[in-house]
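Next come the chains, spelled out residue by residue.
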Amino acid sequence: MPVLVRRIAILALLLILIQARPSVAGTKLTHEYDLKAAFMFHFAQFVEWPQGALPEKTTPFTIGILGEDPFGKSLDEIVANEAVDGHKLLVRRFQNVNQVDSCQILFISPSEKSRMDQILTHLNRRSILTVGDTKDFALRSGIIGFVISDKRLRLAVNLAAANAAGLTISSKLLRQSQIVGPARVQE
Amino acid sequence: MKTPRTTIRRKLVTAMMLTSTTVLLLVGAVFIAHDVVSFRRLLVQALVTRANILAANSTAALAFRNPEDAGQILAALKTDPRMIAAALYDKEGRLFATYPASIPPGVVPPASGPIGHRFEKSDLVVSQPVAEEGQSLGTLYLKSDLQELDDRVRVDAMVVLLAVLGSIVVAFAFSTWLQRRIAKPILTLAIVARNVSEHKDYSLRAKGAGDDEVGVLAGAFDEMLSEIQQRDREIRQLNADLERRVDARTAELEAANKELEAFSYSVSHDLRAPLRHIDGFVELLAKHAGPSLDEKGRRHLATISTAAKRMGALIDDLLVFSRMGRTEMRKTSVDLAALTQEVVQELKADAGNRSVEWKLGTLPTVQGDPSMLRLVLVNLLANALKYSGPKKAARIEVEAQSQNGELIVSVRDNGVGFDPTYSHKLFGVFQRLHASDEFEGTGIGLANVRRIVSRHGGRTWADGTINEGATFYFSLPK
């Protein structure tokens, strides 16, 4: 179970981090994926989807998980009873990229690491905010990638990919992120 | 008329100054209060606006857990020295970022508080929600000092103070000028009134006091003065007339009186000669024909003789009385004590073996005619002795006391007294309250007393009760 091992390792790292630095924010990173789930939810407020992405009010705002679900219950809990711009929030889990139809935010699980390029190519030009935490996710034309930098969870944003998907990312979000992609040389 | 203790000038100036200063201070206080209230509102507005901007800027930092960025956003506050502290709280109310970055505990609350603004001691505190797209992300807390408000109040107070001071100067100048216009006619009036009352000069006038109420007052005052002047003149004239008339009457009366006295003197004098004849011839008749007459005839002759003698005594007394009014008074010092003693010694000899207690008080020396005053004392003391005759133990007291600038001498006896209803008649000529067969006398003694005392400038009067004695008084001016 390599995933589990890594999770435990990260958890241990985070625990050390908390004890070593009782940050001003005082946030307890109880679980890396709890934080990521919260971030995923907040993307809904800081990203603008093009007109027509959600034509009807009744259409739910969907956060999808492609592949193995690392969030457990946390994403469902965060999203429960929330809405974005009048659209109810819905969490859906997909096993195959072909299943992905109506979806606004799609987390591509590390379990799909090997198929990442195909998946991203498949989703290219669809108004879906692709999110992932695999290495160089954003650099490899994912839109937002989770990065652990300076022992903190940070974001990497591929603006070209976002533009291609017709998404507008709030400057406030960009302020929190590293911009990566074709225009710039990244790590 | 006294000089007034506070002048109307000072009162006027004080009233005007007091009014204007009070009004100015009230206006100043209202101005400051209004300014403070509106400035506080302005401060709140500014801080809320700033909080809203900061909150909008820090949404992503809160959403994506970036306390460093939040700290940087808050650090922008350092350009404003009024900002004491700021803090961001996450959705759960936990402290997320602060300004300044390191902050002693207690400066900002450890957890987010209620939304809104409030004044705390010397600080203004604002709590604003942080939200993106309706999604609540946390709370922003801003704390600003009120230095600006204090400065504002200080400046306001300074402005008000300067305005008040300036206005006081202007008001003083104005009120001095105004009071001169108001007070001057009043002062003129007061001076005229004082001169009138001090010098009794009713010819003064308070003219030209202006056309206001003071002018009316001065006019009325002048009218009254004219009236008084007129009356004064009339009274003086009447007085002069009256005096002239009194003088004329007095002269007439004196002439009549002199005439009357001369007449009564000559009548008395002329009556004496035939009376002597009657008396003499009755005596001769008694000697010559006495033995040949029977008892009844002899008794008739005796009665005629007695009556003639009595009439002679009456005429003598009348002559004395008349002389009292005419003779010149020779005033010298008279020792009343010695005089009284002398008279008492004489009377004691007449009293024979009667039991009489004489009581003489302290008597002073007075100015007067000694022989006249002696007559007064002889009359009063002889009366006292005479009318106390029926008493077994007679007591006669002579006293003197000073009262209201005159000396009052009293002669008191415990004799038969008199009915006080007739006390006014006592001092008249030939007025008697007792029958002459009861007490002998011509009834002219007290009339003489009154005449002498009044010639000395004094008065006579008497108290008495039937059977309880009488007191006779006479006064002499000092």
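Before reading on, note that the structure itself is shown above.
Figured I'd write up the structure that's included with this text. (Residues numbered from 1 in each chain as written. Chains lettered and ligands numbered in written order. Predicted model: local features only at pLDDT ≥ 70, side-chain atom pairs only at ≥ 80, totals over all residues.)

Some words on the overall build of chain A
Stage number 1. The secondary structure content of chain A amounts to six helices and ten strands.
Stage number 2. Looking at chain A as a whole, 39% of its 187 residues are labelled buried. (Helix = DSSP H or I, 4+ residues; strand = E, 2+ residues; numbered from the N terminus. Buried ≥ 20, exposed ≤ 12 C-beta atoms within 10 Å, placed from the backbone.)

Here we look at the sheet that holds strand β4 (residues 123-132) of chain B
Residue and element names in this part refer to chain B.
Stage number 1. Strand order across the open sheet formed by five strands is β2-β1-β5-β4-β3, with antiparallel pairing between neighbours. On the outer flanks of this sheet lie β2 (95-99) and β3 (116-120), each paired with one strand and no other. In this sheet, neighbouring strand axes are inclined to one another by 15 degrees on average, regardless of whether the strands run parallel or antiparallel.
Stage number 2. Strand direction decides the pairing type here: strand β1 (residues 83-90) and strand β5 (residues 135-145), joined by seven bridges, are antiparallel. Paired with A87 across the bridge in β5 is Y141.
Stage number 3. Packed on one face of the sheet, helix α1 (residues 8-57) meets β3, β4 and β5 and runs near 35 degrees to β4. (Pairing = 2+ DSSP bridges. Axes fitted to C-alpha atoms, helices over the stretch in contact; angles between N-to-C directions. Contact = placed C-beta atoms within 7 Å.)

Section: helix α4 (residues 147-199) of chain B
All names here are of chain B.
Stage number 1. Helix length check: α4 (53 residues) gives 72 Å between terminal C-alpha atoms against 78 Å at 1.5 Å per residue, within 8%.
Stage number 2. Maximal helix bending in α4 amounts to about 40 degrees, located at A183; proline P185 follows within four positions.
Stage number 3. Buried within α4 are the following residues: A171, S175, Q179, P185, I186, V192 and V196.
Stage number 4. For α4, the elements touching its buried residues are α1 and α5 (213-289).
Stage number 5. Residue K200 follows α4 closely and has a positive phi angle near 50 degrees. (Expected span 1.5 Å × (residues − 1). Bend = angle between axes of the 7 residues up to and from the residue.)

Details of the sheet that holds strand β5 (residues 105-108) of chain A
Backbone hydrogen bonds are what pair the strands of a sheet, in a parallel or an antiparallel way.
Stage number 1. Taken in spatial order, the eight strands of this open sheet run β3-β4-β2-β5-β6-β7-β8-β10 (chain A), and their pairing is mixed. Whereas interior strands pair on both sides, the edge strands pair on one side only; in this sheet they are β3 (83-84) and β10 (177-180) of chain A.

Remarks on the pairing of β3(B)
Residues and elements named next belong to chain B.
Stage number 1. Sparse coverage of β3 is indicated by the burial of zero of its five residues.
Stage number 2. Strand direction decides the pairing type here: β3 and β4, joined by five bridges, are antiparallel. Bridging from a neighbouring strand, F119 pairs with L124 of β4.
Stage number 3. Joining the antiparallel neighbours β3 and β4 is a turn of two residues, in which K121 adopts a positive phi near 45 degrees.

Points about the nonpolar core
Stage number 1. A:M40, A:F43, A:L129, A:I143, A:V157 and B:L88 are the most contacted members of the largest nonpolar core, which has 81 residues in total.
Stage number 2. Top contributing element to this core by residue count: helix α2 (residues 32-46) of chain A, with nine residues.
Stage number 3. In contact with A:M40, not counting residues within four places along its chain, are A:I63, A:L75, A:I105, A:F107 and A:V131.
Stage number 4. If you look at the next biggest cluster of nonpolar residues, it comprises 38 residues, including B:M372, B:L380, B:V449 and B:V453. (Core = buried A, V, L, I, M, F, W, Y, C linked by C-beta atoms within 7 Å.)

Here we look at unusual backbone geometry
Most peptide bonds are trans, and most residues other than glycine sit at a negative phi.
Stage number 1. In this structure, the amide linkage connecting B:Y99 to the following residue, B:P100, adopts the cis form with an omega of -10 degrees.
Stage number 2. Structurally, B:P100 is set in the loop between β2 and β3.
Stage number 3. Unlike most non-glycine residues, A:D150 shows phi in positive territory, near 55 degrees.
Stage number 4. Topologically, A:D150 is positioned in the loop between β7 (144-149) and β8 (152-158).
Stage number 5. Owing to 7 C-beta atoms within 10 Å, A:D150 belongs among the exposed residues under this scheme.

Topic: the pairing of strand β10 (residues 406-413) of chain B
Strand residues, when the strand is regular, have side chains that alternate between the two faces of the sheet.
Residues and elements named next belong to chain B.
Stage number 1. In this sheet, β10 lies alongside strand β9 (residues 394-403) in antiparallel orientation, the contact comprising eight bridges. Looking at β10, one finds that I396 is bridged to D413.
Stage number 2. Here β9 folds back onto β10 in antiparallel fashion, the turn holding two residues, of which N404 has a positive phi close to 50 degrees.
Stage number 3. Here eight bridges tie β10 to strand β12 (residues 469-477), and the two strands are oriented antiparallel to one another. Within β12, the position partnered with V409 by the bridge is F474.

Distances and angles like these do not, on their own, reveal function.
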